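For reference, the chains in residue letters:
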Amino acid sequence: MAVSVQTEDFDIGQAVRDLTGGRTDIGALVTFTGLVRDAADGSLEAMELEHYPAMTEKALQEIEAQARERWDLSACLIIHRVGRLEPGDRIMMVATASAHRRDAFESAEFLMDFLKSRAPFWKKEHSAEGENWVDAKDSDEEALDRWQR
């Protein structure tokens, strides 16, 4: 089980190999990789992610621990980048591994929903028109409702 907050890019294949290498107890692996998406009009120059390191890592570890409590996971990984990123850059990755696919799929969705709305990252978009902070979306909060059981 691993959490990493970093400025440098990551290799998805290497992350999967590190997570599952030599393991024969894993029957399902689910990965999700988020990319910096350009604005609809193509105006995004960069996205800058800020955080408080100790607070962020603790929050991600707590979210990951909640997933491990709810599902039977063999392995779990959260990588989230900070700093200045450009459209198309990898911004984050979640990987969950389990003996069975249902635990892997559900836990990955749970992690994504909680990371999107509860992880303490602040995002600022940069474009030719200037800078603006990204507000939380109602749809992200609504996605959490299904996990309140």
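Numbering of residues starts from 1 in each chain and follows the order in which that chain's sequence is written. Totals for whole chains, interfaces and linings use every residue, but because this is a predicted model, local features are given only for residues with pLDDT of at least 70 and side-chain atom pairs only at 80 or more, for both listing and counting. Just so you know, side-chain values use all the structure's heavy atoms and leave hydrogens and water out.

### Description of the environment of L35
Link 1 in the chain: Counting from the N terminus, the helices are DSSP H or I runs at least four residues long and the strands are E runs at least two residues long. By the element assignment, L35 lies in strand β2 (residues 28-35).
Link 2 in the chain: The rule is simple: take the accessible area with a 1.4 Å probe, protein chains only, and divide by the maximum for that residue type; under 20% is buried, over 50% is exposed, in between is partly exposed. For L35, a relative accessible area of 53% puts it in the exposed group.
Link 3 in the chain: We call two residues in contact whenever any of their non-hydrogen atoms come within 4.5 Å of each other. When sequence neighbours within four positions are dropped, the list of residues in contact with L35 reads G88, D89, R90 and I91.

### Some details on the sheet that holds strand β8 (residues 130-133)
Link 1 in the chain: Criterion used throughout: strands pair if DSSP finds at least two bridges between them. The strand order β5-β3-β7-β8 describes an open sheet built from 4 strands, whose pairing is antiparallel. Here the strands that pair on one side only, and so sit at the sheet edges, are β5 (83-85) and β8. Each neighbouring strand pair of the sheet contributes to a mean axis angle of 25 degrees, computed without reference to strand direction.
Link 2 in the chain: Strand direction decides the pairing type here: strand β7 (residues 122-127) and β8, joined by 4 bridges, are antiparallel. Among the inter-strand pairings, E125 is bridged to a residue of β8, identified as N132. Only C-alpha atoms enter the line fits that serve as axes; for helices the fit covers just the stretch in contact. Angles between N-to-C directions range over 0 to 180 degrees.

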